[in-house]
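# Descriptive analysis of the structure
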Amino acid sequence: MSYLLESLTRKEDVDKLILDTIDKVLVLRIGRASDVVCMQLDEILAKSVRDVSKFASIGLIDADAPEIQTYIKYFDISLIPATIFFFNAHHMKMDSGTPDHTKWIGAFHTKQDFIDVVEVIFRGAMKGKLIVTCPLPKERIPKFELLYENI
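Residues numbered from 1 in each chain as written. Predicted model: local features only at pLDDT ≥ 70, side-chain atom pairs only at ≥ 80, totals over all residues. Heavy atoms only, no water.

As recorded by an unreviewed UniProt entry, the protein carries the name Thioredoxin-like protein 4B and is attributed to Ceratodon purpureus. What the UniProt record of the protein gives under Function (unreviewed entry) is the line "Essential role in pre-mRNA splicing. Required in cell cycle progression for S/G(2) transition." Looking at the Subcellular location (unreviewed entry) heading of the UniProt record, one finds this comment for the protein: "Nucleus". (UniProt positions renumbered as here; feature names shortened; annotations may be inferred.)

## Topic: the nonpolar core
Judged by nonpolar contacts, the single largest core of 29 residues is most densely connected at V25, F85, W104, F108, F114, V117 and V118. Within the residue set of this core, elements represented by two or more residues are β2 (25-31), α2 (36-52), β3 (56-62), β4 (82-87), β5 (90-95) and α4 (111-126). Excluding anything up to four places from it in sequence, W104 contacts P81, A82, T83, F85, M94, S96, C134, L136, R140, I141 and P142. If you look at the next biggest cluster of nonpolar residues, it comprises 19 residues, including L8, I68, A82 and I84. (Core = buried A, V, L, I, M, F, W, Y, C linked by side-chain atoms within 4.5 Å. Buried < 20%, exposed > 50% of the residue type's maximum accessible area, 1.4 Å probe, protein only. Helix = DSSP H or I, 4+ residues; strand = E, 2+ residues; numbered from the N terminus. Contact = heavy atoms within 4.5 Å.)

## Details of the pattern of salt bridges
Counting across every chain of the model gives eleven salt bridges. Here K11 and D15 are joined by a salt bridge, their closest N and O atoms 2.9 Å apart. In this pair, K11 and D15 are both assigned in helix α1 (residues 11-20), four residues apart and thus about one turn of the helix distant. Looking at K11, the relative accessible area reads 26%, which means it is partly exposed. (Salt bridge = Lys/Arg side-chain N within 4 Å of Asp/Glu carboxyl O.)

## Re the pairing of β4
With respect to burial, β4 is a largely interior element, six of its six residues being buried. In terms of strand pairing, β4 meets strand β6 (residues 104-105) through two bridges, oriented antiparallel. Residue A82 lies in a different strand from β6, and its bridge partner there is I105. Pairing analysis gives three bridges linking β4 to β5, with the strands arranged antiparallel. Considered in β5, the bridge of F86 is made with H91. The loop that links β4 with its antiparallel partner β5 comprises two residues; one of these, N88, has a positive phi angle of about 50°. (Pairing = 2+ DSSP bridges.)

Next up, the structure:
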């Protein structure tokens, strides 16, 4: 399903998309088209494009592209797929009860879960917030643990 969405492999393309997306939430999925969980997430994103088109845009970033490694390091992406949200070139964060508020790790369970998250981010951003609370129940939020080395 990733063929239905805009795929980005160059840093310049990602920068341009972030800067040019105005008054909409920009959803960037970082991952690999061949990964099973990425395929599940891509299917949910592709099915949701029309429903969120008035308040969100969706782009896919290939995690293996050499130029994208800058974003991989900046956002500390060690697990894929990772979904990052922007609004008017500001990085939007979401408190989902996990240790990392900067990104969503894993796939959403349903299309409606994704739409709910994007809608909450949009409404929070329109009120000037940079961090919002996740609207999903805890059992539908992917669990993971952050491991810090050499601290």
